[in-house]
Amino acid sequence: MSVASILEGKEICICAGAGGVGKTTTSAAIAVGMARRGLKVAVLTIDPARRLANSLGLPELGNEERRIELDSPGELWAMMLDAKSTFDEIVEKHAPDAATRDAVLSNRIYKELSTAVAGSQEYMAMEKLHELHAEGRYDLLVLDTPPSRNALDFLDAPDRLARFIDSRALHFFLAPSRTGLKIFSRGTGLLFSILKRVTGVDLLQDLSDFFASFGDMAQGFRERAQAVKGLLADERTTFLLVTSPAHEAVEEAKFFRDKIEEAGMPFGGVIVNRMHVEEPDGPEDLTSLDPDLAEKVARNFDDFHALAQRDRHNVDELTADIGDRPLIIVPYLDEDIHDLEGIGAINDHLFAGSGATAVPAEGAG
Ligand SMILES: Nc1ncnc2c1ncn2[C@@H]1O[C@H](COP(=O)(O)OP(=O)(O)OP(=O)(O)O)[C@@H](O)[C@H]1O
Ligand SMILES: [Mg+2]
């Protein structure tokens, strides 16, 4: 099975999975591979390894797409997602007027919220995805996902934002009479006034300003969160689950697959990355080697054999679990993947057995 056939007719590919399994590498590789097949592709990466970013020309990137020269018929564009600037762009879009916009953007609470709120990076990634998809300039968007402690944070992000907006805590602050704020200030006013005296920072005023101006934008945010959620469940989207062949990772992948399907989002298949794959012939003839060295080589070989067997066992289990859904294996390569050559080596496996060209999905491009 090739990634190209999984992605046939798809406009969005989301590479999800636990931390460190190879999501960023896989996203970049898929984008390169599909561009080589003639598509106009954008990859939205998050925090790529420095050397990979360098070789893709990413370090100077802000929140904007940049074209990467490829010697191929398609086009490859890449951007590095930055949660804070995406958040700022949304505020600019939803703010009713310039004064509100500036009030929110310069607000201390907002600054904290937009960088530190749990899940805001996940949410912003999807927000950007939604925006690019709506603009329709690409045949395919490949989304790398953040190194969440819990891969599920990602699926949950739009709901979490909507819940926050609808939460009683927020409405308490947004109450027109501001009685909420008054009660609040009576209870903790002393603390705030001491803080203000000591630090010169009027936190209470900041809070109150923030919630007053944020209230005008809440509806816009809520609608966006719904639209993003709809896009994730759209049949033009597919989730590829990236995992390592280690036992815990495989268990987590199974669980995540269930969650994707429960949430009504389209599950495209699994990529098992960094698998220890044995050479079919075993070690070469060792008799000509120095006996000490021969013993070391043999021991190394035994260790590798054990790892390969363990991986095989775990992958067999995963295969049984996902049934007829595609599963693609990428071996543990000798070197770190940090340039187009390394990506090419990955793509020999991701795109094994597929033709050289793909046709853009209908209506895109
Ligand atoms: N098949 C492979 N063979 C060898 N090295 C690999 C392979 N796949 C990925 N790597 C290396 O593993 C490291 C982690 O990969 P990557 O950054 O893609 O993981 P990630 O899932 O995006 O991590 P994070 O959750 O931290 O974002 C990188 O140094 C990458 O070069
Ligand atoms: Mg990553």
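Coordinates for the structure precede this section.
Thresholds, definitions, all that
- What you see as residue numbers is a count from 1 along each chain, following the sequence as written.
- Here the convention is simple: chains get letters from A, ligands get numbers from 1, in the order in which they are written.
- This being a predicted model, a pLDDT of at least 70 is required before a residue's local features are given, and a value of 80 or more before pairs of side-chain atoms are given or counted; all residues contribute to the totals for chains, interfaces and linings.
- Heavy atoms from the whole structure form the basis of all side-chain values; hydrogens and water molecules are not counted.
- Strands here are runs of E lasting at least two residues and helices are runs of H or I lasting at least four, both read from the DSSP assignment and numbered beginning at the N terminus.
- The contact criterion used is simple: two residues touch if any of their non-hydrogen atoms lie within 4.5 Å.
- Think of it in three bands: residues with accessible area under 20% of the maximum for their type are buried, residues over 50% are exposed, and the middle band is partly exposed, with areas taken using a 1.4 Å probe on protein chains only.
- Every angle, taken between N-to-C directions, lies between 0 and 180 degrees, and every axis is a line fitted to C-alpha atoms, over only the stretch in contact when it is a helix.
- What sets the label is the angle itself: under 35 degrees gives roughly parallel, over 145 gives roughly antiparallel, 65 to 115 gives roughly perpendicular, and the rest give oblique.
- Only Asp, Glu, Lys and Arg are considered charged in this grouping, and only Ala, Val, Leu, Ile, Met, Phe, Trp, Tyr, Cys and Pro are considered nonpolar; every other residue, Gly among them, is considered polar.
- Near is defined per residue: the residue qualifies when any heavy atom it owns lies within 4 Å of the molecule or strand.
- Any pair of nitrogen or oxygen atoms within 3.5 Å is treated as a polar contact; in protein, a donor-acceptor pairing is required on top of that, and neighbouring residues in sequence qualify only through side-chain atoms on both sides.
- Under the convention used here, a 1.4 Å probe and the Shrake-Rupley method define accessible areas, while residue burial counts only the protein chains that appear.
- We treat Lys and Arg as the positive residues and Asp and Glu as the negative residues; His and chain ends play no part in the count.
- Salt bridges are defined as contacts in which a side-chain nitrogen from Lys or Arg sits within 4 Å of a carboxyl oxygen from Asp or Glu.
- Here a cavity is any set of points on a 1 Å grid over the protein atoms alone where a 1.4 Å probe fits but cannot get out, and a pocket is any open set with protein on both sides within 12 Å along at least 5 of 7 lines; a residue lines the site when it has an atom within 4 Å of a point.
- Grid points are joined across faces, edges and corners, and a volume is the space filled by probe spheres set on the points.
- At least two DSSP bridges between two strands are needed for those strands to be called paired.
- Two rings from Phe, Tyr or Trp (for Trp, the six-membered ring) form a pair when their centres are within 6.5 Å of each other. A pair whose planes differ by under 30 degrees is stacked, one over 60 is edge-to-face, and the rest are tilted.
- Criterion for a charge above a ring: Arg CZ or Lys NZ at most 6 Å from the ring centre, at most 35 degrees from the ring normal.

A. Representation of the environment of L327. Within the element layout of this structure, L327 appears in strand β8 (residues 327-331). Put simply, L327 and I271 are 56 residues apart on the chain and 5.8 Å apart in space, counted from C-alpha to C-alpha. With residues near it in sequence (within four places) discarded, L327 still touches V270, V272, V315, L318, T319 and I322.

B. Spatial organisation of unusual backbone geometry. Positioned with a positive phi, R274 is a non-glycine residue whose angle comes to about 60°. Along the chain, the position of R274 falls in strand β7 (residues 267-275). Judged by relative accessible area, R274 falls into the partly exposed class, the value being 32%.

C. Structural detail: the packing of helix α2 (residues 23-36) against helix α15 (residues 340-350). The interhelical angle for the contact between α2 and α15, taken along N-to-C directions, is 80°, at an axis separation of 9 Å. One element, α2, and the other, α15, form an angle in the roughly perpendicular class. Residues T25, T26, A28, A29, I30, V32 and G33 of α2 lie in contact with α15, whose contacting residues are L340, I343, I346, N347 and L350. Considered class by class, the residues forming the contact of α2 with α15 number eight nonpolar, four polar and no charged.

D. Broad picture of the site of ligand 1. The immediate surroundings of ligand 1 are formed by 18 residues, with G20, G22, K23, T24 and T25 found nearest. Between an oxygen atom of ligand 1 and a side-chain N or O atom of T24, the distance comes to 2.8 Å. One nitrogen or oxygen atom from the side chain of R274 is found 3.3 Å from an oxygen atom belonging to ligand 1. Contact with the protein chains covers 84% of the free accessible surface of ligand 1, which is 640 Å². Of all the secondary-structure elements, those providing two or more residues to the shell around ligand 1 are α2, β7 and β8.

E. A look at the side chain of K10. Within the secondary structure layout, K10 lies in the loop between α1 (3-6) and β1 (12-16). No salt bridge is formed by the buried K10; the nearest opposite charge belongs to E235, separated by 6.8 Å. Within polar-contact distance, the side chain of K10 engages the backbone oxygen of E235 at 2.7 Å.

F. Looking closely at the pattern of salt bridges. Summed over the entire model, instances satisfying the criterion amount to 17 salt bridges. For E65, the salt bridge is made with R137, and the minimal N-O distance between the two is 3.0 Å. Placement of E65 in the loop between α3 (50-55) and β3 (66-68) and of R137 in the loop between α7 (120-135) and β5 (140-144) is noted, with a sequence separation of 72 residues between them. With relative accessibility at 34%, the residue R137 sits in the partly exposed group. Shared partners join several salt bridges into a network, and the residues in it are R257, D258, E261, D321 and R325.

G. Structural detail: the environment of L340. Relative to the assigned elements, L340 resides in helix α15. For the pair L340 and L56, spaced 284 residues apart in sequence, the C-alpha to C-alpha distance is 7.8 Å. When sequence neighbours within four positions are dropped, the list of residues in contact with L340 reads V32, L56 and L70.

H. Seen up close, empty space enclosed by the protein. For the structure on display, the rule yields one cavity of 30 Å³ or more. Quantified by volume, the largest cavity comes out at close to 50 Å³. Lining the largest cavity are ten residues, with G17, A18, A249, E252 and A253 sitting closest to its centre. With four residues, the single largest contributor to the lining of the largest cavity is helix α13 (residues 247-262). Looking at side-chain class alone, the lining of the largest cavity contains seven nonpolar, two polar and one charged residues.

I. Layout of the pairing of strand β4 (residues 75-80). Sheet topology note: the strand β2 (residues 40-45)/β4 ladder contains six bridges and is parallel. Within the sheet, the bridge partner assigned to K40 lies in β4 and is E75. Bridging between β3 and β4 involves three bridges; their strand directions are antiparallel. In the strand pairing of β4, R66 is matched with A78.

J. Looking closely at the packing of aromatic side chains. Considering all chains together, one arrives at one aromatic pair under this definition. Ring centres of W77 and Y138 lie 6.4 Å apart, and the angle between their planes is 70°; on these two criteria the pair is classed as edge-to-face. Of this pair, W77 sits in strand β4 while Y138 sits in the loop between α7 and β5, and the two are 61 residues apart along the sequence. Across from the ring centre of Y138, 5.1 Å away, lies the NZ or CZ of K40, which sits over that ring. Directly above the ring of Y332 sits R274, whose terminal nitrogen or CZ lies 5.9 Å from the centroid.

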